[in-house]
Amino acid sequence: MSRVYNFSAGPSMLPESVLKKAASELTDYRGTGQSVMEMSHRSKAYKGIIENTEALVRELMAVPSNYKVLFLQGGASLQFAMVPMNLRKKGKAAYVDTGVWASKAAKEAKKWLEVDTIASSKDAGYSFIPEVKKVDGDYDYLHITLNNTIMGTKWEYLPETGSIPLVSDISSCVLSEPLDVSKFGLLYAGAQKNLAPAGVTLVIIREDLITDSPVENTPAMLRYDIHVENGSMYNTPPCYSIYMMGLVLEWIKENGGLPEVTRRNKEKAALLYDYLDASSCYHATAQKGSRSLMNVPFLTKETDPEKADAINKKFVAEAAEAGLVNLAGHRLVGGMRASIYNAMPVDGVKALIAFMDKFAAENLK
Ligand code: PMP
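Note that this is a predicted model, so its numbers are computed, not measured.

In this section: the overall build of the chain. When its secondary structure is counted, the chain shows 9 helices and 14 strands. Over its C-alpha atoms, taken along the principal directions, the chain stretches across nearly 65 × 55 × 30 Å. Taking all 365 residues of the chain together, 55% fall into the buried category. Considering only contacts in the chain between residues 6 or more positions apart, those separated by 24 or more positions represent 68%. Carbon and sulfur atoms provide 51% of the accessible area of the chain, an area that totals close to 15900 Å². Side chains of the chain give 41 positive and 42 negative charges; the mean places of these two sets differ by 1 Å.

Dropping the structure here:
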């Protein structure tokens, strides 16, 4: 069977050449006679792997030298708790509610500090990013979700926060386009979209935010200072996912680096949004000015809910038969969603548009 175009929101496509490279090294990593899966995380060979992955993160994201790079576990969801547990000082943080993940982050934070939801687009179905140009106040940090995977929106600007650290969940947009790390106090991303298979979470934290006195009784595994002191090896790290992240980052580097990734992502997103905007059969749900490059939710123009549901199911099933898989929208919002992360080739988006045209001619005219 040939490979499909996988539009899943995560875990999602990995570059085929990366999978082939991993396969070629699967049983014998570069003459060690062992798989990376079997190797001691304290071995010289593994030290080389984790150091290489960190160096590539630093290079490709232009991480300034006063930031630490960590490879943790527990997904982005655990960062929803670690951020407030470790960054709490005065006891109040600001959150912007731009969708399901943003509100989950705020809900978790409320267990540790007072949360001010300073803006929300909930009443508009989270179809845009609310305007938050400037934030001041007695906040330990401001939290934003830079790209909202489910609603397909992204921040096109960063709020000015002065001395308030800006914290962001970049799970679904990491390394999709340039990001000025120096504007942030802390960034985190689950790996299973643009970086690696699931299992590792990338955290980038400014050194002055690392404290040896997080909230009382914080478990060691949930303390940034302990992970920093131990070079992400306080316990056994997610070894294989970190290795795979290294291969994915090498693939980015070999293919023109972030500028070329950005160019391709913009090309893919423009193809799809232009098609949707011109269509009389489909429409994008995210508003212009807030549209994600990575996740593109869309609906048909069928307004009767029962008929729309049947049409959506047919669309997703027939697309899968055509080798375009995982196009169902998130279970909370329905409709369709095409996640077009870094590893999705331009041809995958073209194939999707060709399918949409055919499906519309047969079902939506
Ligand atoms: N934040 C965002 C923006 C996400 O898209 C997701 C997962 N889809 C999460 C957080 C949760 O990530 P994890 O499963 O790694 O905990």
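Moving on, we come to the environment of K134. Position of K134 relative to the elements: it lies in the loop between strand 4 (114-120) and strand 5 (142-145). When its relative accessible area of 58% is taken as the criterion, K134 is described as exposed. Expressed as a C-alpha distance, the spacing of K134 and K183, which sit 49 residues apart in the sequence, is 13 Å.

Moving on: the site of the ligand. Taken together, 13 residues are adjacent to the ligand, and A76, S77, T149, D169 and K193 come closest. At a separation of 3.0 Å, an oxygen atom of the ligand approaches a polar backbone atom of A76. At a separation of 2.6 Å, an oxygen atom of the ligand approaches a polar side-chain atom of S77. Here the ligand loses 85% of its free accessible area of 400 Å² to cover by the protein chains.

Counting residues in each nonpolar core, the largest one holds 57 residues, and the members touching the most others are V57, M61 and I204. Beyond its immediate sequence surroundings of up to four residues, M61 is in contact with L56, I170, V174, L175, L179, V181, L202 and I204.

Within the open sheet, the 7 strands sit side by side as 2-10-9-8-5-3-4. Their pairing is mixed. Every other strand in the sheet has two partners, leaving strand 2 (67-72) and strand 4 as the edge strands with one partner each. Between one strand and the next, the sheet's axes are offset by a mean angle of 20 degrees, whatever the strand orientation. Where strand 3 (residues 92-97) lies against strand 4, 6 bridges are found, and the strand directions are parallel. Bridge pairing in strand 4 links K92 to E114.

Turning next to the pattern of salt bridges. Opposite charge on two side chains makes pairing possible when the charged atoms of those side chains draw close. Counting across every chain of the model gives 20 salt bridges. Between K20 and E16 there is a salt bridge, with its nearest N and O atoms 3.2 Å apart. Pair noted here: K20 and E16 are both in helix 1 (residues 16-24), with a separation of 4 residues, about one helical turn. A relative accessible area of 55% places K20 in the exposed class. Residue E16 is classed as partly exposed on the basis of its relative accessible area of 38%. The partner of E25 in a salt bridge is R30, with the nearest N and O atoms 2.7 Å apart. Taking relative accessible area as the criterion, R30 reaches 47% and is therefore assigned partly exposed. Overlapping salt bridges bring together R3, E16 and K20 as one network.

Before going further, it helps to examine the packing of aromatic side chains. In this description, an aromatic ring pair is defined by two values, namely the gap between the centres and the angle between the planes. Applying the stated criterion across every chain yields a total of 12 aromatic pairs. Grouping aromatic residues by their ring pairs yields a cluster made of Y275, Y282, F298, F315, F355 and F359. The residue whose ring lies beneath K133 is Y157, and the NZ or CZ to ring-centre distance is 4.0 Å.

Cut-offs used in this document
Residues numbered from 1 in each chain as written. Predicted model: local features only at pLDDT ≥ 70, side-chain atom pairs only at ≥ 80, totals over all residues. Heavy atoms only, no water. Helix = DSSP H or I, 4+ residues; strand = E, 2+ residues; numbered from the N terminus. Buried < 20%, exposed > 50% of the residue type's maximum accessible area, 1.4 Å probe, protein only. Contact = heavy atoms within 4.5 Å. Areas by Shrake-Rupley, 256 points an atom, 1.4 Å probe, with all protein chains shown as cover. Lys, Arg positive; Asp, Glu negative; His and termini not counted. Charge placed at Lys NZ, Arg CZ, Asp CG, Glu CD. Near = heavy atom within 4 Å. Polar contact = N/O pair within 3.5 Å; in protein donor to acceptor, adjacent residues only side chain to side chain. Core = buried A, V, L, I, M, F, W, Y, C linked by side-chain atoms within 4.5 Å. Pairing = 2+ DSSP bridges. Axes fitted to C-alpha atoms, helices over the stretch in contact; angles between N-to-C directions. Salt bridge = Lys/Arg side-chain N within 4 Å of Asp/Glu carboxyl O. Phe/Tyr/Trp six-rings, centres within 6.5 Å; stacked < 30°, edge-to-face > 60°. Lys NZ or Arg CZ within 6 Å of the ring centre and 35° of its normal.

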